[in-house]
Amino acid sequence: MVKLFACGVNEYRSAPNLDFCVNDAKAFCNVFQENIIINKEDITIATEDGKISNTEYCRSLKEFCANSSEEDILVVFHSGHGGVDEQEDSFLLMTDSMNEYTYVYTDQIINFLNYSKAKSKVIILDCCHSDVGDKFIPPIDEEVVVEKFYGKGITIFCSCKKQEESTSEDEKISVFTKLLCESLNNEYLIRDDVLYFNDLQNMVSIYAQSYNRKHPGKEQTPVMRTSMIGTLTLPTRIHKEKRKKERYFI
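Residues numbered from 1 in each chain as written. Predicted model: local features only at pLDDT ≥ 70, side-chain atom pairs only at ≥ 80, totals over all residues. Heavy atoms only, no water.

A. Quick peek at the sheet that holds strand β2 (residues 43–45). One open sheet accounts for 6 strands, arranged β2-β1-β3-β7-β8-β11; its pairing is mixed. Looking at the sheet topology across the chains shown, the edges are occupied by β2 and β11 (223–226). Taking each pair of neighbouring strands and ignoring which way they run, the sheet shows an average axis angle of 10 degrees. Pairing of strand β7 (residues 120–126) with strand β8 (residues 154–158) involves 5 bridges; the strand directions are parallel. Of the residues in β8, the one forming a bridge with K121 is I154. Contacts from helix α1 (residues 21–35) reach β1 (2–8), β2, β3 (73–79) and β7, with the element oriented near 160 degrees to β1. (Pairing = 2+ DSSP bridges. Helix = DSSP H or I, 4+ residues; strand = E, 2+ residues; numbered from the N terminus. Axes fitted to C-alpha atoms, helices over the stretch in contact; angles between N-to-C directions. Contact = heavy atoms within 4.5 Å.)

The following block contains the structure:
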C-alpha cells in the first residue's frame, strides 16, 4: 500500500514566516489522493497550523516509518525553510530550530526511512537549497544481490539545486508544489494503470524549464537522486486502456 507523510511549516523562531507551506502540504495530499490509490487513513499530515517542533516532527516521522510493511511505498513530502551548513549537509528548519542542534538534517529523515520495513521510499523536498548532493547515493556493489540493495533504495526529489531558492509566485502555493500537482493531474503520464515516478519527475522538470525562461533570476532546477534499481511505480485511480496499434496494408 502507498502511505504518505506530509508536513508544511509556516512559523519559525529563527527565520521569516512563510504563508504557503501548509497550503503546499494540503494541496499535494489532495491531488495525490485524487490520482494515486491510497487509503485516507494512510495519509499523515504532521501539522495543520504550520507550527511543529523538531522533537514532534521526528517523533511523528519515526512512528510513520515504523508502522510500515515490506510491500508498502512510503512517500514523505516537506515544504518549508531549508539550508546547508558549513559541512555542506542539508537540513530542514522546524518552528523551534535555532542552530545545528535543533535542525532536522536530511540524513535523519533518511535514517528513519532506512529502518522502516518498506522497500520503496520517496522523499520530496520543497525547500531552498534542498538538493542533498550525492552523499546519500551509495555505489552499487555487484556482489550484493539486487533485492538487498533495492531494499535500501531511496528516491529523493528536491525542488532546487543547493545554490538555488524555492519560491512562490502568489504566496498561496510554491512554484515547485504547483508544478508537481499539475504533473500528478496529467493523465497522459499513466501507463498500464500506474504512474512511473521517473515520468513524473521528467514532467516537473519540463514545466520548471518553462517557468525559468519566464522568470530570469528566479530559476529553480528540480533534482532527483536515487539509489533504487529501476523506477518506482504508483498505482493510479485513472484507468487508461492500451491504445491498439492500427495495421496498415499496402
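B. Spatial organisation of the packing of helix α5 (residues 175–184) against helix α6 (residues 197–214). At their nearest, the axes of α5 and α6 sit 9 Å apart, and the two run at 130 degrees to each other. The angle between α5 and α6 falls in the class oblique. For the pair α5 and α6, the sense of crossing is right-handed. Of the residues in α6, those touching α5 at V175, F176, L179, L180, E182, S183 and L184 are L200, M203, V204, Y207, A208 and Y211. Of the residues that constitute the contact of α5 with α6, the class distribution is 11 nonpolar, 1 polar and 1 charged. (Parallel < 35°, antiparallel > 145°, perpendicular 65-115°, else oblique. Left-handed = near helix turned anticlockwise from the far one by under 90°. Nonpolar A, V, L, I, M, F, W, Y, C, P; charged D, E, K, R; others polar.)

C. Representation of the pairing of β7 within the structure. With 7 of 7 residues buried, β7 is to be regarded as a mostly interior element. Alignment of β3 against β7, held across 7 bridges, turns out to be parallel. Counted as the bridge partner of H78 is L125 from β7. (Buried < 20%, exposed > 50% of the residue type's maximum accessible area, 1.4 Å probe, protein only.)

D. Representation of the pattern of salt bridges. According to the stated counting rule, one finds 6 salt bridges in the structure shown. Across the salt bridge formed by D72 and K3, the nearest N and O atoms sit 3.3 Å from each other. Here the residue D72 occupies a position in the loop between α2 (54–66) and β3, and K3 occupies one in strand β1, the gap between them amounting to 69 residues. Taking the relative accessible area as the measure of exposure, D72 reaches 3% and is therefore buried. (Salt bridge = Lys/Arg side-chain N within 4 Å of Asp/Glu carboxyl O.)

E. Spatial organisation of unusual backbone geometry. For E88, which is not glycine, the phi dihedral falls at a positive 65 degrees. Following the sequence through the fold, E88 ends up in the loop between β4 (82–84) and β5 (90–92). A residue is classified by how much of its surface remains accessible, and E88, at 49% relative accessible area, is partly exposed. The residue D192 is not glycine, and still its phi comes out positive at about 55 degrees. Residue class for D192 comes out partly exposed when judged on its relative accessible area of 47%.

F. Focus on the state of the cysteines. All chains considered together, the criterion is met by 0 disulfides. Free cysteine C127: the closest other cysteine sulfur is in C21, separated by 7.6 Å. By relative accessible area, which is 1% here, C127 ends up buried. (Disulfide = S-S within 2.5 Å.)

G. Quick look at the pairing of β3. β3 sits mainly inside the fold: 7 of its 7 residues count as buried. The pairing of β1 with β3 spans 7 bridges and is classified as parallel. Of the residues in β3, the one forming a bridge with V2 is I73.

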